[in-house]
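Chain by chain, the residues:
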Amino acid sequence: MRRINRTKWNRTMSNFVTKFLMYFMDRKADGADSNINEVYKNLFVGNEVIARDAAKLKELGINLVINLSPNEVKTNPLIYEPYDIKYCPLSSDDNVYTCLLNIVEDGADLIEDTIKDGGKVLVHCSGGVRKSPAMAIAYLMLKEQLPIWNAVKCIRRCRLSRSEEMLDSENQRRVDGLSDKVSRLKSLAFDIETESKDSNRYLDDMGNDFESTHGLLGGTVNRLSHMVSANKGNRKLMCYMIIGLVLLFFLAYYLITKVTS
(Lines give C-alpha, C1' and ligand atoms only; values in the text may rest on other atoms or scores of the structure.)
Protein backbone atom coordinates (compact mmCIF):
# COMPACT_ATOMS: atom_id res chain seq x y z
CA MET A 1 0.00 0.00 0.00
CA ARG A 2 1.34 3.45 -0.90
CA ARG A 3 2.42 5.43 2.16
CA ILE A 4 1.30 9.04 2.53
CA ASN A 5 3.99 11.66 3.01
CA ARG A 6 2.87 13.18 6.33
CA THR A 7 4.84 16.41 5.88
CA LYS A 8 3.45 16.95 2.39
CA TRP A 9 -0.05 16.15 3.64
CA ASN A 10 0.21 18.66 6.52
CA ARG A 11 1.54 21.31 4.15
CA THR A 12 -1.30 20.68 1.68
CA MET A 13 -3.94 20.88 4.41
CA SER A 14 -2.36 24.02 5.86
CA ASN A 15 -2.33 25.54 2.39
CA PHE A 16 -6.01 24.69 1.94
CA VAL A 17 -6.99 26.11 5.35
CA THR A 18 -5.02 29.31 4.72
CA LYS A 19 -6.67 29.90 1.35
CA PHE A 20 -10.05 29.11 2.86
CA LEU A 21 -9.51 31.73 5.57
CA MET A 22 -8.44 34.30 3.00
CA TYR A 23 -11.50 33.54 0.86
CA PHE A 24 -13.84 33.67 3.84
CA MET A 25 -12.54 36.99 5.11
CA ASP A 26 -12.57 38.44 1.61
CA ARG A 27 -16.26 37.49 1.19
CA LYS A 28 -17.42 38.40 4.67
CA ALA A 29 -15.18 41.15 5.96
CA ASP A 30 -15.37 43.77 3.25
CA GLY A 31 -16.38 47.10 4.74
CA ALA A 32 -15.08 46.45 8.28
CA ASP A 33 -16.41 48.98 10.72
CA SER A 34 -13.25 50.82 11.83
CA ASN A 35 -9.51 51.06 11.35
CA ILE A 36 -8.66 48.86 14.34
CA ASN A 37 -10.40 46.26 16.53
CA GLU A 38 -9.28 44.16 19.45
CA VAL A 39 -10.27 40.71 18.24
CA TYR A 40 -8.77 38.77 21.16
CA LYS A 41 -7.10 39.69 24.41
CA ASN A 42 -4.18 42.03 23.50
CA LEU A 43 -4.47 41.12 19.80
CA PHE A 44 -5.60 43.86 17.42
CA VAL A 45 -6.44 43.75 13.71
CA GLY A 46 -6.28 46.91 11.60
CA ASN A 47 -5.52 48.56 8.28
CA GLU A 48 -3.01 50.95 6.73
CA VAL A 49 -4.62 54.04 8.26
CA ILE A 50 -4.14 52.99 11.87
CA ALA A 51 -0.71 51.52 11.07
CA ARG A 52 0.56 54.98 10.13
CA ASP A 53 -0.78 56.56 13.33
CA ALA A 54 2.00 55.62 15.74
CA ALA A 55 0.77 58.04 18.39
CA LYS A 56 -2.63 56.33 18.45
CA LEU A 57 -0.98 52.92 18.68
CA LYS A 58 1.08 54.10 21.64
CA GLU A 59 -2.11 55.37 23.27
CA LEU A 60 -3.64 51.91 22.83
CA GLY A 61 -0.58 50.30 24.36
CA ILE A 62 0.60 48.51 21.21
CA ASN A 63 4.13 47.06 21.56
CA LEU A 64 4.49 45.23 18.24
CA VAL A 65 3.26 46.04 14.74
CA ILE A 66 3.20 43.20 12.20
CA ASN A 67 2.85 44.42 8.60
CA LEU A 68 1.56 41.67 6.31
CA SER A 69 1.61 43.90 3.18
CA PRO A 70 5.01 45.62 3.20
CA ASN A 71 4.90 45.90 -0.60
CA GLU A 72 1.73 48.00 -0.37
CA VAL A 73 2.02 49.72 3.00
CA LYS A 74 5.40 51.45 3.00
CA THR A 75 5.92 51.80 6.74
CA ASN A 76 9.28 51.34 8.46
CA PRO A 77 10.79 51.15 11.97
CA LEU A 78 11.58 54.88 11.99
CA ILE A 79 7.87 55.66 12.37
CA TYR A 80 7.61 53.64 15.56
CA GLU A 81 11.01 54.15 17.23
CA PRO A 82 10.02 57.40 19.02
CA TYR A 83 7.11 55.53 20.62
CA ASP A 84 9.12 52.43 21.59
CA ILE A 85 7.05 50.17 19.30
CA LYS A 86 8.65 47.23 17.54
CA TYR A 87 8.01 46.75 13.82
CA CYS A 88 8.06 43.46 11.90
CA PRO A 89 7.22 43.16 8.17
CA LEU A 90 6.20 39.70 7.01
CA SER A 91 6.14 39.56 3.23
CA SER A 92 3.89 37.30 1.20
CA ASP A 93 2.27 37.26 -2.20
CA ASP A 94 -0.13 40.22 -2.41
CA ASN A 95 -2.72 38.30 -4.45
CA VAL A 96 -6.24 38.34 -2.98
CA TYR A 97 -6.17 34.61 -2.27
CA THR A 98 -2.53 34.50 -1.28
CA CYS A 99 -1.18 31.62 0.74
CA LEU A 100 0.15 32.75 4.16
CA LEU A 101 1.69 29.35 4.84
CA ASN A 102 5.25 30.63 4.63
CA ILE A 103 4.73 33.37 7.22
CA VAL A 104 1.80 32.22 9.38
CA GLU A 105 3.95 30.27 11.85
CA ASP A 106 6.43 33.12 12.26
CA GLY A 107 3.58 35.56 12.75
CA ALA A 108 1.86 33.34 15.31
CA ASP A 109 5.14 32.94 17.24
CA LEU A 110 5.72 36.70 17.32
CA ILE A 111 2.19 37.33 18.54
CA GLU A 112 2.46 34.64 21.22
CA ASP A 113 5.82 35.85 22.53
CA THR A 114 4.73 39.48 22.73
CA ILE A 115 1.43 38.71 24.47
CA LYS A 116 3.15 36.36 26.93
CA ASP A 117 5.49 39.23 27.86
CA GLY A 118 2.44 41.38 28.64
CA GLY A 119 2.46 43.32 25.38
CA LYS A 120 -0.12 44.10 22.74
CA VAL A 121 0.12 43.31 19.04
CA LEU A 122 -1.33 44.98 15.96
CA VAL A 123 -1.55 42.79 12.86
CA HIS A 124 -2.40 44.83 9.78
CA CYS A 125 -2.48 44.72 6.01
CA SER A 126 -3.56 47.32 3.48
CA GLY A 127 -7.33 47.14 3.99
CA GLY A 128 -7.51 45.17 7.21
CA VAL A 129 -10.04 42.75 5.78
CA ARG A 130 -8.09 39.82 4.31
CA LYS A 131 -4.57 38.99 5.41
CA SER A 132 -4.65 40.43 8.93
CA PRO A 133 -7.93 38.71 9.98
CA ALA A 134 -6.63 35.46 8.45
CA MET A 135 -3.39 35.76 10.45
CA ALA A 136 -5.39 36.42 13.63
CA ILE A 137 -7.51 33.33 12.99
CA ALA A 138 -4.39 31.27 12.38
CA TYR A 139 -2.92 32.48 15.70
CA LEU A 140 -6.10 31.55 17.59
CA MET A 141 -6.04 28.09 16.03
CA LEU A 142 -2.33 27.42 16.46
CA LYS A 143 -1.60 29.04 19.82
CA GLU A 144 -4.94 29.34 21.60
CA GLN A 145 -6.15 25.96 20.32
CA LEU A 146 -9.50 27.34 19.19
CA PRO A 147 -11.46 25.31 16.61
CA ILE A 148 -11.56 26.98 13.24
CA TRP A 149 -15.22 28.02 13.43
CA ASN A 150 -14.81 29.46 16.94
CA ALA A 151 -11.81 31.45 15.74
CA VAL A 152 -13.74 32.74 12.73
CA LYS A 153 -16.73 33.70 14.90
CA CYS A 154 -14.42 35.51 17.30
CA ILE A 155 -12.97 37.65 14.49
CA ARG A 156 -16.34 38.29 12.90
CA ARG A 157 -17.95 39.26 16.20
CA CYS A 158 -15.31 41.87 16.93
CA ARG A 159 -14.54 43.01 13.40
CA LEU A 160 -17.98 43.00 11.76
CA SER A 161 -20.61 43.70 14.41
CA ARG A 162 -20.66 47.46 13.91
CA SER A 163 -20.43 47.18 10.14
CA GLU A 164 -23.60 45.06 10.13
CA GLU A 165 -25.33 47.78 12.17
CA MET A 166 -24.08 50.37 9.69
CA LEU A 167 -25.37 48.27 6.80
CA ASP A 168 -28.77 47.92 8.48
CA SER A 169 -28.88 51.66 9.07
CA GLU A 170 -27.92 52.35 5.46
CA ASN A 171 -30.53 49.88 4.21
CA GLN A 172 -33.19 51.54 6.36
CA ARG A 173 -32.18 54.96 5.06
CA ARG A 174 -32.47 53.73 1.49
CA VAL A 175 -35.86 52.13 2.22
CA ASP A 176 -37.12 55.42 3.68
CA GLY A 177 -35.82 57.30 0.64
CA LEU A 178 -37.49 54.81 -1.69
CA SER A 179 -40.79 55.14 0.20
CA ASP A 180 -40.62 58.92 -0.15
CA LYS A 181 -39.98 58.59 -3.89
CA VAL A 182 -42.89 56.17 -4.24
CA SER A 183 -45.18 58.63 -2.43
CA ARG A 184 -44.08 61.40 -4.77
CA LEU A 185 -44.72 59.18 -7.79
CA LYS A 186 -48.19 58.36 -6.50
CA SER A 187 -48.95 62.06 -6.03
CA LEU A 188 -47.62 62.82 -9.52
CA ALA A 189 -49.69 60.01 -11.03
CA PHE A 190 -52.82 61.36 -9.30
CA ASP A 191 -52.12 64.86 -10.63
CA ILE A 192 -51.58 63.47 -14.15
CA GLU A 193 -54.86 61.54 -13.92
CA THR A 194 -56.74 64.66 -12.78
CA GLU A 195 -55.18 66.76 -15.55
CA SER A 196 -56.02 64.15 -18.19
CA LYS A 197 -59.64 63.98 -17.03
CA ASP A 198 -59.92 67.78 -17.22
CA SER A 199 -58.34 67.78 -20.70
CA ASN A 200 -60.71 65.07 -21.92
CA ARG A 201 -63.67 66.97 -20.52
CA TYR A 202 -62.50 70.14 -22.28
CA LEU A 203 -62.07 68.26 -25.56
CA ASP A 204 -65.51 66.74 -25.23
CA ASP A 205 -67.01 70.19 -24.70
CA MET A 206 -65.17 71.50 -27.77
CA GLY A 207 -66.48 68.56 -29.79
CA ASN A 208 -70.02 69.34 -28.72
CA ASP A 209 -69.53 73.01 -29.61
CA PHE A 210 -68.21 72.07 -33.05
CA GLU A 211 -71.17 69.79 -33.64
CA SER A 212 -73.65 72.52 -32.70
CA THR A 213 -71.77 75.04 -34.91
CA HIS A 214 -71.77 72.57 -37.78
CA GLY A 215 -75.52 72.14 -37.40
CA LEU A 216 -76.09 75.91 -37.32
CA LEU A 217 -73.95 76.55 -40.41
CA GLY A 218 -75.55 73.65 -42.23
CA GLY A 219 -79.01 75.04 -41.50
CA THR A 220 -77.99 78.51 -42.67
CA VAL A 221 -76.51 77.20 -45.93
CA ASN A 222 -79.61 75.12 -46.54
CA ARG A 223 -81.87 78.14 -46.04
CA LEU A 224 -79.72 80.24 -48.40
CA SER A 225 -79.82 77.51 -51.01
CA HIS A 226 -83.57 77.31 -50.64
CA MET A 227 -83.91 81.06 -51.03
CA VAL A 228 -81.76 81.09 -54.20
CA SER A 229 -83.59 78.22 -55.83
CA ALA A 230 -87.12 79.23 -54.71
CA ASN A 231 -88.13 81.79 -57.35
CA LYS A 232 -87.01 84.83 -59.26
CA GLY A 233 -88.17 87.28 -56.59
CA ASN A 234 -85.97 85.65 -54.02
CA ARG A 235 -83.14 85.63 -56.52
CA LYS A 236 -83.47 89.36 -57.03
CA LEU A 237 -83.51 89.87 -53.30
CA MET A 238 -80.39 87.77 -52.92
CA CYS A 239 -78.63 89.77 -55.67
CA TYR A 240 -79.55 93.04 -53.98
CA MET A 241 -78.25 91.74 -50.66
CA ILE A 242 -74.94 90.66 -52.22
CA ILE A 243 -74.54 93.98 -54.06
CA GLY A 244 -75.35 95.83 -50.85
CA LEU A 245 -72.78 93.82 -48.87
CA VAL A 246 -70.10 94.48 -51.51
CA LEU A 247 -70.88 98.20 -51.52
CA LEU A 248 -70.83 98.24 -47.73
CA PHE A 249 -67.44 96.52 -47.77
CA PHE A 250 -65.95 99.06 -50.20
CA LEU A 251 -67.44 101.93 -48.21
CA ALA A 252 -65.94 100.62 -44.98
CA TYR A 253 -62.58 100.11 -46.70
CA TYR A 254 -62.67 103.70 -48.08
CA LEU A 255 -63.51 105.20 -44.68
CA ILE A 256 -60.79 103.18 -42.93
CA THR A 257 -58.08 104.18 -45.44
CA LYS A 258 -59.17 107.84 -45.26
CA VAL A 259 -59.01 107.88 -41.48
CA THR A 260 -55.62 106.15 -41.32
CA SER A 261 -54.09 108.43 -43.99
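Just above, that's the structure.
Just so we're clear, the structure is a prediction, and the values are computed from it rather than from any experiment.

Draft legend 1. Highlighting the overall build of the protein chain. Within the protein chain one finds 8 helices and 5 strands. Starting at the N terminus, the α and β elements of the protein chain follow one another as α-β-β-α-α-β-α-β-α-β-α-α-α. A buried classification covers 28% of the 261 residues belonging to the protein chain. In the protein chain, 67% of the contacts between residues at least 6 apart in sequence involve partners at least 24 apart.

Draft legend 2. Examining the pattern of salt bridges more closely. Taken as a whole and assessed by the stated rule, the structure comprises 8 salt bridges. Among the salt bridges present, the one from glutamate 59 reaches lysine 56, with a minimum N-O distance of 3.9 Å. With glutamate 59 and lysine 56 both in helix α3 (residues 54–60) and 3 residues apart, the pair spans about one turn of that helix. We classify glutamate 59 as exposed; its relative accessible area is 62%. Taking relative accessible area as the criterion, lysine 56 reaches 31% and is therefore assigned partly exposed. Residues lysine 143 and glutamate 112 are paired through a salt bridge, measuring 3.4 Å at the closest nitrogen-oxygen approach. Remark: glutamate 112 occurs in helix α5 (residues 101–116) and lysine 143 occurs in the loop between α6 (131–142) and α7 (148–230); sequence separation between them is 31 residues.

Draft legend 3. Up close: a nonpolar patch on the surface. A cluster of nonpolar side chains, namely Leu245, Leu248, Leu251, Tyr254 and Leu255, defines an oily patch on the protein surface of about 530 Å² accessible area. Within the secondary structure, tyrosine 254 is located in helix α8 (residues 232–260). Judged by its relative accessible area of 48%, tyrosine 254 falls in the partly exposed class.

Draft legend 4. Region of the structure containing the pairing of strand β5 (residues 121–124). Alternating positions in β5 separate into two faces, Val121 and Val123 on one and Leu122 and His124 on the other, with burial throughout. Pairing between strand β3 (residues 64–67) and β5: 4 bridges, direction parallel. Bridged to asparagine 67 within β5 is histidine 124.

Draft legend 5. Representation of the sheet that holds strand β1 (residues 36–40) in the model. Strand order in this open sheet of 5 strands is β1-β2-β5-β3-β4, and the pairing throughout is mixed. Either end of the sheet is taken by a strand with one partner, and the two such strands are β1 and β4 (86–89). Strand-to-strand twist of the sheet, defined as the mean angle between neighbouring strand axes without regard to direction, takes the value 25 degrees. As judged from the 4 bridges shared by strand β2 (residues 43–46) and β5, these two strands associate in the parallel manner.

Draft legend 6. Quick peek at the packing of aromatic side chains. Under the counting rule described, the total for this entry stands at 2 aromatic pairs. When the ring of phenylalanine 249 is compared with that of phenylalanine 250, the centres are 5.7 Å apart and the planes differ by 70 degrees; the resulting orientation is edge-to-face.

Draft legend 7. Region of interest: the environment of phenylalanine 44. Turning to its location among the elements, phenylalanine 44 is positioned in strand β2. The exposure class of phenylalanine 44 is buried, given its relative accessible area of 7%. A C-alpha to C-alpha distance of 4.6 Å links phenylalanine 44 and leucine 122, two positions 78 residues apart in sequence.

Draft legend 8. Structural detail: the side chain of asparagine 67. Looking at where asparagine 67 falls in the secondary structure, it is placed in strand β3. Residue asparagine 67 is classed as buried on the basis of its relative accessible area, which comes to 0%. The residues touching asparagine 67, leaving out its near neighbours within four places in the chain, are Val73, Thr75, Tyr87, Cys88, Pro89, Leu90 and His124.

Draft legend 9. Quick peek at the nonpolar core. Residues Leu43, Ile66, Leu68, Ile111, Val121, Val123 and Met135 are the most contacted members of the largest nonpolar core, which totals 28 residues. At the level of secondary structure, the elements contributing two or more residues to this core comprise β2, β3, α5, β5, α6 and α7. Tallying contributions element by element places α6 first for this core, with 7 residues. Counting residues in hydrophobic clusters, the runner-up holds 12 residues, among them Ile36, Ile50, Ile85 and Tyr87.

Draft legend 10. Geometry of the side chain of histidine 124. Positionally, histidine 124 belongs in strand β5. A residue is classified by how much of its surface remains accessible, and histidine 124, at 0% relative accessible area, is buried. Contacts of histidine 124, omitting those with residues within four sequence positions, involve Gly46, Asn47, Ala51, Val65, Ile66, Asn67, Leu68, Ser69, Val73 and Ser132.

Cut-offs and rules
Residues numbered from 1 in each chain as written. Predicted model: local features only at pLDDT ≥ 70, side-chain atom pairs only at ≥ 80, totals over all residues. Heavy atoms only, no water. Helix = DSSP H or I, 4+ residues; strand = E, 2+ residues; numbered from the N terminus. Buried < 20%, exposed > 50% of the residue type's maximum accessible area, 1.4 Å probe, protein only. Contact = heavy atoms within 4.5 Å. Salt bridge = Lys/Arg side-chain N within 4 Å of Asp/Glu carboxyl O. Patch = residues over 30% accessible without salt bridge, like charges linked within 9 Å, V, L, I, M, F, W, Y side chains within 5 Å. Areas by Shrake-Rupley, 256 points an atom, 1.4 Å probe, with all protein chains shown as cover. Pairing = 2+ DSSP bridges. Axes fitted to C-alpha atoms, helices over the stretch in contact; angles between N-to-C directions. Phe/Tyr/Trp six-rings, centres within 6.5 Å; stacked < 30°, edge-to-face > 60°. Core = buried A, V, L, I, M, F, W, Y, C linked by side-chain atoms within 4.5 Å.

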